[in-house]
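Given next are the chains, with one letter for each unit.
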Amino acid sequence: MNKVYSVEDFPLDEKTMMLHETLFHNANGYIGVRGTLEEGVPQEYNTMRGTYVNGFYDVIPMKQAESLCNLVEEKETMVNVADVQTMHLSFDGETFSLFSGEITNLIRTLDMEAGTTTRSMQWSSPHGHEVQIQFCRMASFTHKSVFTIACKVTSLNFDGELTVSSKHSGIVANYANPSDPRLAAEGRAYLRPQANILENGVSYLVTHTTKSNLELCTAVAHRFSKPGSSLVTYSADAHCYDTNYTCRLHPGETLLVEKYAVIQDSIRSDNCLQDAQKEIESVYGKLDALYQQQREYLSEFWKCANMEIDEDDESNLAIAFNMYQLLQSCGSDGKCGIAAKGLSGEGYEGHYFWDTDIYILPFFVLTNPALARGLLNFRYSTLDAARENAKLVGHQRGALFPWRTIHGKECSGYFPSGTAQYHITGDIAYAAVKYYLATGDTEYLIKEGAEILIETARLWCDVGNWNDGKFMINDVTGPDEYTCIVNNNYYTNACAKYNLNWAVKAANILRKMDAFQALADKLALRDAELDEFQRAADAMYLPYNEKLGINPQDDSFLQKPIWDLKNTPKENFPLLLHYHPLVLYRHQVCKQADTVLAYYLFDGLEDRETVARSFAYYEPITTHDSSLSTCIFSIVASSLGEKEKAWNYFGSSITLDLQNKHGNTGDGIHTANMGGSYMVIVNGFAGVRIQEDGLHMAPYLPAAWSGYRFQMQYRGSSLELSVHKTGYCISLLNDVPVTILLPGTSIVLDRKASEYVQAWQEG
Ligand code: BGC
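Rules used in this analysis
Residues numbered from 1 in each chain as written. Predicted model: local features only at pLDDT ≥ 70, side-chain atom pairs only at ≥ 80, totals over all residues. Heavy atoms only, no water. Helix = DSSP H or I, 4+ residues; strand = E, 2+ residues; numbered from the N terminus. Rg over C-alpha atoms; globule rule 2.2 N^0.38 Å. Buried < 20%, exposed > 50% of the residue type's maximum accessible area, 1.4 Å probe, protein only. Contact = heavy atoms within 4.5 Å. Areas by Shrake-Rupley, 256 points an atom, 1.4 Å probe, with all protein chains shown as cover. Lys, Arg positive; Asp, Glu negative; His and termini not counted. Charge placed at Lys NZ, Arg CZ, Asp CG, Glu CD. Core = buried A, V, L, I, M, F, W, Y, C linked by side-chain atoms within 4.5 Å. Phe/Tyr/Trp six-rings, centres within 6.5 Å; stacked < 30°, edge-to-face > 60°. Axes fitted to C-alpha atoms, helices over the stretch in contact; angles between N-to-C directions. Left-handed = near helix turned anticlockwise from the far one by under 90°. Nonpolar A, V, L, I, M, F, W, Y, C, P; charged D, E, K, R; others polar. Parallel < 35°, antiparallel > 145°, perpendicular 65-115°, else oblique. Pairing = 2+ DSSP bridges. Near = heavy atom within 4 Å. Polar contact = N/O pair within 3.5 Å; in protein donor to acceptor, adjacent residues only side chain to side chain. Expected span 1.5 Å × (residues − 1). Arc of directions from axis to C-beta.

S.K.: Explain the overall build of the protein here, please?
M.R.: When helices and strands are counted, the protein shows 18 helices and 30 strands. What you see for the protein is a C-alpha radius of gyration of 27 Å, in line with the 27 Å of a compact globule of 763 residues. Seen through its principal axes, the protein has C-alpha atoms that stretch 85 × 65 × 60 Å. Taken across its 763 residues, the protein has 62% of its residues classed as buried. Residue pairs at least 24 apart in sequence account for 68% of intrachain contacts in the protein once pairs closer than 6 positions are excluded. Carbon and sulfur atoms make up 49% of the accessible area of the protein, which totals about 28100 Å². Taken as two groups, the 62 positive and 93 negative side-chain charges of the protein have centres that lie 3 Å from each other.

S.K.: Even after reading the chapter, I still don't get the nonpolar core, so can you show me in this structure?
M.R.: Among soluble globular proteins, nonpolar side chains are generally buried collectively. Within the largest apolar cluster, 221 residues are counted, with the highest numbers of intra-cluster contacts made by Tyr359, Leu719 and Ile730. Considering each element in turn, this core owes the most residues, 13 residues, to helix H10 (residues 490-510). By size, the runner-up hydrophobic cluster in this structure holds 18 residues, among which are Cys272, Ala276, Ile280 and Leu290.

S.K.: Teacher, can you tell me more about the packing of aromatic side chains here?
M.R.: To describe a pair of aromatic rings, one takes the distance between the centres and the angle between the planes. Counted according to the given criterion, the structure contains 44 aromatic pairs. Judged by centre distance (5.7 Å) and plane angle (85°), the rings of phenylalanine 353 and tryptophan 403 are edge-to-face. Of the two residues, phenylalanine 353 is situated in the loop between helix H4 (313-329) and helix H5 (355-367) and tryptophan 403 in the loop between helix H7 (383-392) and helix H8 (423-439); the sequence distance between them amounts to 50 residues. Accessibility expressed as a relative area gives 6% for phenylalanine 353, which makes it buried. Ring centres of tyrosine 728 and tryptophan 760 lie 5.6 Å apart, and the angle between their planes is 50°; on these two criteria the pair is classed as tilted.

S.K.: I keep staring at the packing of H10 against helix H12 (residues 527-538) and nothing clicks. Help me out?
M.R.: Two quantities define a packed helix pair, namely the angle between the axes and the distance from one axis to the other. Two numbers describe how H10 lies on H12: the axes approach to 8 Å, and their chain directions differ by 145°. For the element pair H10 and H12, the recorded crossing hand is left-handed. Here Lys497, Leu500, Asn501, Ala503, Val504 and Ala507 of H10 come into contact with H12, specifically with Leu530, Phe533, Gln534, Ala536, Ala537 and Asp538. For the contact of H10 with H12, a count of residues per class yields 8 nonpolar, 2 polar and 2 charged.

S.K.: Is there a simple way to explain the packing of helix H6 (residues 369-381) against helix H9 (residues 442-463) in this structure?
M.R.: Contact geometry of H6 with H9 gives a least axis separation of 10 Å together with a crossing angle of 40°. On the basis of the axis angle, H6 is oblique to H9. In this structure, H6 meets H9 at a crossing whose hand is left-handed. Judged by residue contacts, Arg373, Leu376, Asn377 and Tyr380 of H6 engage Glu443, Tyr444, Lys447, Glu448, Glu451 and Ile452 from H9. Among the residues making up the contact of H6 with H9, the classes are represented as 4 nonpolar, 1 polar and 5 charged.

S.K.: Would you mind showing me how to read the pairing of strand E6 (residues 74-78) here?
M.R.: Here E6 lies mainly inside the structure; 4 of its 5 residues are buried. The pairing of strand E5 (residues 57-61) with E6 spans 5 bridges and is classified as antiparallel. Within E6, the position partnered with isoleucine 60 by the bridge is lysine 75.

S.K.: Which parts of the structure should I look at to understand the sheet that holds strand E16 (residues 215-224)?
M.R.: Adjacent strands of a sheet form backbone hydrogen bonds with each other and so pair up, either parallel or antiparallel. Ordered in space as E1-E9-E10-E11-E12-E19-E16-E15-E14, the 9 strands form an open sheet in which the pairing is antiparallel. Where the open sheet ends on each side, the last strands, each with one partner, are strand E1 (4-8) and strand E14 (191-199). Along the sheet, successive strands turn relative to each other by an average axial angle of 15°, direction set aside.

S.K.: Even after reading the chapter, I still don't get the site of the ligand, so can you show me in this structure?
M.R.: Taken together, Ala340, Tyr348, Phe353, Trp354, Asp355, Trp403, Glu481, Lys591, Gln592, Ser626 and Leu628 are the residues near the ligand. At 2.5 Å, a side-chain N or O of aspartate 355 approaches an oxygen atom of the ligand. For the ligand, an oxygen atom lies 2.8 Å from a polar atom in the side chain of lysine 591. Alone, the ligand offers 310 Å² of accessible surface; in the complex the protein occludes 93% of this. Classifying every residue of the shell around the ligand by side-chain character gives 6 nonpolar, 2 polar and 3 charged.

S.K.: Just checking my understanding: could you explain the environment of glycine 449 for this structure?
M.R.: The residue glycine 449 is located in helix H9 in this model. For glycine 449, a relative accessible area of 0% puts it in the buried group. Put simply, glycine 449 and tyrosine 5 are 444 residues apart on the chain and 39 Å apart in space, counted from C-alpha to C-alpha.

S.K.: Any chance you could explain the environment of proline 574 here in plain terms?
M.R.: Here proline 574 is to be found in the loop between H12 and helix H13 (581-585). Judged by its relative accessible area of 17%, proline 574 is buried. Along the primary structure proline 574 and threonine 623 are separated by 49 residues, whereas in three dimensions their C-alpha atoms are 7.9 Å apart.

S.K.: I would appreciate a short explanation of the pairing of strand E26 (residues 717-724) in the present structure.
M.R.: Most of E26 is tucked away, with 7 of its 8 residues classed as buried. Inspection of the sheet shows strand E25 (residues 707-714) paired to E26 by 8 bridges, in the antiparallel sense. By the bridge assignment, phenylalanine 710 is partnered in E26 with leucine 721. The hairpin turn running from E25 into E26, its antiparallel successor, is 2 residues long, and arginine 715 in that turn takes a positive phi close to 45°.

S.K.: Would you mind showing me how to read helix H17 (residues 643-654) here?
M.R.: Helical geometry note: an α-helix holds 3.6 residues per turn, so side chains three or four residues apart project in the same direction. With 12 residues, H17 should reach 16 Å at 1.5 Å per residue; the first-to-last C-alpha distance of 16 Å fits that figure. Within the span of H17, buried status applies to Ala646, Tyr649, Phe650, Ser653 and Ile654. What you see down the axis of H17 is that its buried residues fit within an arc of 125°, all on one side. Along its buried surface, H17 packs onto H4, helix H15 (608-618), helix H16 (630-639) and helix H18 (671-685).

S.K.: What's the story with the environment of tyrosine 175 in this structure? I'm lost.
M.R.: Along the chain, tyrosine 175 turns up in the loop between strand E13 (160-169) and E14. Using a relative accessible area of 10% as the deciding quantity, one classes tyrosine 175 as buried. For the pair tyrosine 175 and leucine 256, spaced 81 residues apart in sequence, the C-alpha separation works out to 32 Å. Ignoring any residue separated from it by four or fewer positions in sequence, one finds tyrosine 175 in contact with Met18, Asn46, Thr47, Met48, Leu183, Ala184, Gly187 and Glu346.

What follows is the structure, encoded as structure tokens:
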């Protein structure tokens, strides 16, 4: 499997710079550093020079134009923290830049086995000095607070004074783009200097956020491979340390600069400065060991996440890229989640959405359940905030998870396509159930999962109402953000039904445990309330249109005119940037999979014919303006046997960021789509479903491929599925026996019979 992604001799325009800042960012689930040029870009370039800490935020005003009751007037936003990446090189006074002199052999590489990015080039200065320069960067997976840069300068013909000026700057601002609602409108500086210390050659900057009361300490130290003179100066104005080092460099000689940076924040540390001191001491001078540990960590990761496509290097690379980015984005300490853009950029301000629970969690559940558990733990840690949120929105009981958040508060400024997306509450409950079904982790269920299920079930009972013997949910927004505040959104109702059913099931599973009584007491849960959940689930209204034989997206959807997508000018996409929301709401036009997503997540709600008719209905009116869409259409197409369509949708999803298909990868990666493209292969092509009755598989081979294989975990069993031109083979890789439900049969794999081979049936 090809795990090295490179680009060569690319144009140096702002758009490409931004794109590469994203594609070559370094992150480890805790810190993320954009792949900005160490030496900087010309002033006229508005690129995003950013360093982020997962879950580290400030609170800023979000003034509503009209102060309606209980609309949120503040939001949490991800903070760009101290700049530890800037490094200038100058050769007898000539400062290195990609924009002066002549650059040759320019190449940027992401090595997903080494866990590093490199940028190398040959520079011929305006005065004819020739040097070879390479920067290698790493966010360590084994030392989460550590980021390193190794800069190697080799003289080709230069004989003179080389000066390195390396910065550690605490005065930084967030990026802004007022013309795109997916970015912050104003760039602000959120950090206030508190202290600066220089001790044993290490510079420390301590800063505080303005409102969220958080502290951050960064520590930076350097190591130079050649003797030279070094001076560290501090400028209070810029809250910045500048390490200036000078040496003589002769042709053929190389200088290696190692820059070690450590970031500690007060969400995780009680004494950021002390912890930063300890960590920088423990890693200083040990770059090779850090590289080695990084490789070992990734070798373990790839062992479990292994996925290979025969004879298709492009797909292999794209899949590896997507999985690697998910790992880079994934918070693992229970104090943070996965932002829509991971830690790669400021799009959506570092907010967590349902992207994690529905699109990304499945990848971790099947490849690294411990990381999945960390993500669930984080959601649980925000349950109290969700209870508060429910009250704020007027509910008498239950928990309403915020549509977008960092620390647990609702942060969406536009409630029709924000707070009104109640389905996020059901999505989180769904994720808890799927994790439990895939792992059998009863400890999770009793400690956290059941409480989430019960509190969210309460919410549905409170938001819904009985009408003519049916349970209905009115005035909510489903996943499709081009249709807002509707009655009985099919997806939301299906999600609520699942949630209510599972609150009862979880109680029944756990009933025999002592701990359950304690939980029931804590939540004042009575059997009568469980009966209420069950009645609402059983009577949940799921819209169905007799005439068309489909499930309408909501009660009024089919009454609206159909948007003429074929005759909409190409440049008017995404529609959200070109039409007033009300125009979109008044048409049958979808931003993304909505009802179609329900078919994938809640198998068995409708018969195959209804699903096929609905799929055919929604296809021509869906723009896929959201990156969360084509992957789902692909999976459902697979389940309907529409293999060509499944393949085409897969094509749009798999390289969405690598090929910048939505034109905004420069603002950050699309993590949900990355998880989605993994699901296309596992849940679409291989037909994997994890249901109450067990693990299902129904594999097929897309016509364009000659074979594929991947590994996955299920309830302690480690499995490999390999699909070929002649059939498929499922192997058990460890000793934990497993039953697998295949079309028309079921098999048991154990130590004695650890392999099952099935040839394709004719027809
Ligand atoms: C989509 C949402 C998604 C959000 C963050 C929006 O464009 O419509 O479903 O959660 O992006 O990725």
